[in-house]
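# Coordinates in review
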Amino acid sequence: MSFPLTRLNLRMFARQIPLAFVIGAAIFSLSSVALSQRDNKSQTQSGLSNVQRMDIMHSKLEAMRRSLESAISGVTAKDTGNKTNNADDPRARLRGLSKEVGSVLSEVNDLHAKEDHSEKYDASKLDGLETSVAELNTRVEAALTQTVGARTAGDQTSSTYQPKPEKGHRRMLGLLPGKNKNDKYAELTGSVAPGRDRTLFLEATKEVRKGNHETGRLLFTTIITTYPDSPYLPMAKLAIADSFYLEGGTSSLIQAGQAYQDWLTYFPTDPLADAAMMKVAETEMRQMGLSDRDITHARKAEQRLKALLQQYPQTKLRPEVETRLREVQDNLAMHNQQIADFYFYTRYQNKKGGLKGAQDRLKEIVEKYPNFCQMDKTLFMYATTFQEEEEPDEAAKYYQQLVRDYPNSEYVDKAKEQLNIIGAAIPEPDPIKKNLPLCEKPGFMANMMQQITGSANVTTSNDGILITKHGEGTDLIDKAIQNNGQVPEGAVPVFQPTKPAYDTKPTTPANGTTPQSKTPNASPDSNTASRPRSIQSPTPKP
């Protein structure tokens, strides 16, 4: 892994801002790398660290526990005090499941504590726990649906369940009269009544907008498990995915992606299916790191975006999808470019081999990422590798492509020199592309902030499909409420695209065919950030 602060960058940085900030930035960057290494030290085939897997299981189990407690509080059958798991007793059945959930949750918490204290534990147990959580979730949902008949909007005094007082709304020694919000929601989630699904939908929406995502998800889940014929059910499932997406954070984004994918499984022909697929891709994009780091999320995002365009070729979201796809592919191409730089400059030029490795990486860029923002550099290096292998015809082909398609590149003059040496024709530049500038590169401060945050420079939206950050009253969920749980025909979500705070430069075209974003995630080791790209220009043999 390359160290993000080179000596040259530090000297330049120290002349612009106080030394204290330099030291703080360096410490922050090193801490981020160390934490990243620790968190990812035990990756699985799914790409998640053990900590992330435990966080997701903990979140799911807590949601199951809350749903079961609310259901138990609403069972109006007389409580016999029999704690055995009698299949005919709905309260006993729900209590039995709650006990199972608590047991698995305890195991997850124990492993999490060992991870937090760097203690040794058997990581293979996580596979079994994940299987248990999935199986439990299926049985809990079935039990909640099958015990609906035992929960009516009757007297709640038979319940032995007492909800935990909400923080900030505690009763003084239990003497103050009246109900707090938890009491209200205990009644809403614990009993069944006609029209209550709409009330739950309204209250859940309010809670998510307030940032009370767990409470909102509990209310939405109650609609799903208690009112299976509700017209609000499809939107409730989608709103749960939105709540995870709006909450943010690695664990929540992973669960958001899973929830959107589950919703697509149930409603593949819904008019909002294309938006849900884009959200699945965006959950990966928001977890993307710089191109010189792990690219698992970038690859997954690329796959999702390509699948979206294939399955929904007429989608109204095509411009947004294409923009995101170009940025993700720039990240992937830059990853290959940096590896090619290492093979060529560090290994091959030091007589340690590596020429074939560089050539393979450059070939992948040329074939898979034709809109790469640094394609001029890639073509020059690719042609040079053929010259080193004494294949002048192949080298000439890529030098000519560089001269023709990137007439404003700083590599053009060098490419022409090599064409003269080879004895190949020098093509005329494309007249359309001749007047177009190259894509912007991040400035010094922007590049520094990228290295510190470790986040990819990509366009995403922080808004959900139904619920946005600042669209109360005009969101799709508001329209669904007005239309008895159905989004009006032709309505589409309005995504507010966002870029990282350090991204201040406008986007400019990379070539004459498609608009291109700025060079993302340039690493100092690739010598493409905040300095001319010709510094590391290959020097071909005459």
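Residues numbered from 1 in each chain as written. Predicted model: local features only at pLDDT ≥ 70, side-chain atom pairs only at ≥ 80, totals over all residues. Heavy atoms only, no water.

## Overview of the overall build of the protein chain
The number of helices and strands found in the protein chain is 20 helices and 2 strands. Looking at the protein chain as a whole, 50% of its 542 residues are labelled buried. Sequence-distant contacts, at least 24 apart, represent 69% of the contacts inside the protein chain between residues at least 6 apart. Just so you have it, the protein chain exposes about 25900 Å², and 52% of that area is on carbon and sulfur atoms. (Helix = DSSP H or I, 4+ residues; strand = E, 2+ residues; numbered from the N terminus. Buried < 20%, exposed > 50% of the residue type's maximum accessible area, 1.4 Å probe, protein only. Contact = heavy atoms within 4.5 Å. Areas by Shrake-Rupley, 256 points an atom, 1.4 Å probe, with all protein chains shown as cover.)

## Some points on the environment of isoleucine 56
Secondary-structure assignment places isoleucine 56 in helix H3 (residues 50–74). With 194 residues separating them along the chain, isoleucine 56 and threonine 250 place their C-alpha atoms 9.5 Å apart. In this view, isoleucine 56 contacts Leu48, Ser251, Ile254, Gln255 and Gln258; residues no more than four positions away in its chain are not counted.

## So, empty space enclosed by the protein
With the rule as written, the count across this model stands at 5 cavities of 30 Å³ or more. Roughly 50 Å³ of internal volume is contained in the second largest cavity. Mapped by element, the contributors of at least two residues to the lining of the second largest cavity are H3 and helix H8 (213–226). Considering each element in turn, the lining of the second largest cavity owes the most residues, 4 residues, to H8. Tallied by class, residues from the lining of the second largest cavity come to 3 nonpolar, 6 polar and 1 charged. (1 Å grid on protein atoms, 1.4 Å probe; cavity = no way out; pocket = protein on both sides within 12 Å on 5 of 7 lines; lining within 4 Å. Points joined across faces, edges and corners; volume = space filled by probe spheres on them. Nonpolar A, V, L, I, M, F, W, Y, C, P; charged D, E, K, R; others polar.)

## What to know about the confidence of the model for the protein chain
Within the protein chain, residue pLDDT values average 78, and 74% of them lie at 70 or more. Segment residues 25–43: pLDDT under 50, and 22 contacts once partners within four positions in sequence are set aside and those in other chains are kept. Counting interchain partners and residues more than four positions distant, the pLDDT-below-50 stretch residues 153–179 has 35 contacts. (pLDDT = per-residue confidence, 0-100.)

## Things to note about helix H19 (residues 444–453)
For H19, the tally of buried residues reaches 7 of 10 residues, placing the bulk of the element in the interior. Looking at the residues trailing H19, positive phi occurs at glycine 454, about 75°.

## Some points on the side chain of histidine 335
Within the fold, histidine 335 resides in helix H13 (residues 318–347). Once residues within four sequence positions are removed from consideration, histidine 335 is found in contact with Ser291, Arg293, Ile295 and Arg361.

## Comments concerning the packing of helix H7 (residues 196–210) against H8
Packing of H7 against H8 leaves a shortest axis separation of 8 Å and a crossing angle of 160°. If you check the angle between H7 and H8, you find them roughly antiparallel. The handedness of the crossing between H7 and H8 comes out as left-handed. Contacts between H7 and H8 involve Asp197, Leu200, Phe201, Glu203, Ala204, Thr205, Glu207 and Val208 on the former and, on the latter, His213, Thr215, Gly216, Leu219, Phe220, Thr222 and Ile223. Class assignment for the residues of the contact of H7 with H8 results in 7 nonpolar, 5 polar and 3 charged. (Axes fitted to C-alpha atoms, helices over the stretch in contact; angles between N-to-C directions. Parallel < 35°, antiparallel > 145°, perpendicular 65-115°, else oblique. Left-handed = near helix turned anticlockwise from the far one by under 90°.)

## Let's talk about the pattern of salt bridges
Going through the model one piece at a time under the given rule, you end up with 21 salt bridges. The partner of aspartate 127 in a salt bridge is arginine 53, and the shortest N-O contact between them spans 2.7 Å. One end of the pair, aspartate 127, is in helix H5 (residues 125–146); the other, arginine 53, is in helix H3, and 74 residues separate them in sequence. Note on aspartate 127: relative accessible area 44%, which makes it partly exposed. Between arginine 209 and aspartate 475 there is a salt bridge, and its shortest N-O distance comes to 3.0 Å. In this pair, arginine 209 sits in helix H7 while aspartate 475 sits in the loop between strand S1 (460–461) and helix H20 (476–482), placing the two residues 266 residues apart along the sequence. Take aspartate 475: its relative accessible area is 5%, and that puts it in the buried class. (Salt bridge = Lys/Arg side-chain N within 4 Å of Asp/Glu carboxyl O.)

## Some details on the environment of tyrosine 260
Among the secondary structure elements, tyrosine 260 is positioned in helix H10 (residues 250–266). Judged by relative accessible area, which is 0%, tyrosine 260 ranks as buried. In this structure, the C-alpha to C-alpha distance between tyrosine 260 and tyrosine 245, residues 15 residues apart in sequence, is 9.5 Å. In this structure tyrosine 260 touches Leu238, Ala241, Asp242, Tyr245, Ala276, Lys279, Val280, Gly464 and Ile465, once residues within four positions along its chain are discounted.

## As for the nonpolar core
Counting 95 residues, the largest nonpolar core has Phe201, Phe220, Tyr260, Ile465 and Leu466 as its most contacted members. Grouped together as the second largest cluster of nonpolar side chains are 23 residues, Leu68, Ile72, Leu97 and Val133 included. (Core = buried A, V, L, I, M, F, W, Y, C linked by side-chain atoms within 4.5 Å.)

## Thoughts on unusual backbone geometry
Positioned with a positive phi, lysine 351 is a non-glycine residue whose angle comes to about 60°. Structurally, the position occupied by lysine 351 is in the loop between H13 and helix H14 (355–368). Phi is positive for asparagine 484, close to 55°, though the residue is something other than glycine. If you trace the backbone, asparagine 484 turns up in the loop between H20 and strand S2 (497–498).

## Looking at the environment of aspartate 376
Turning to its location among the elements, aspartate 376 is positioned in helix H15 (residues 375–388). A polar side-chain atom of aspartate 376 sits 2.7 Å from a polar atom in the side chain of serine 409. (Polar contact = N/O pair within 3.5 Å; in protein donor to acceptor, adjacent residues only side chain to side chain.)

## A closer look at helix H16 (residues 392–405)
Between its terminal C-alpha atoms H16 stretches 20 Å, which fits the 20 Å expected from 14 residues at 1.5 Å a residue. Buried within H16 are the following residues: Ala395, Ala396, Tyr398, Tyr399, Leu402, Val403 and Asp405. Elements that come into contact with the buried residues of H16 comprise H14, H15, helix H17 (412–422) and helix H18 (431–434). (Expected span 1.5 Å × (residues − 1).)

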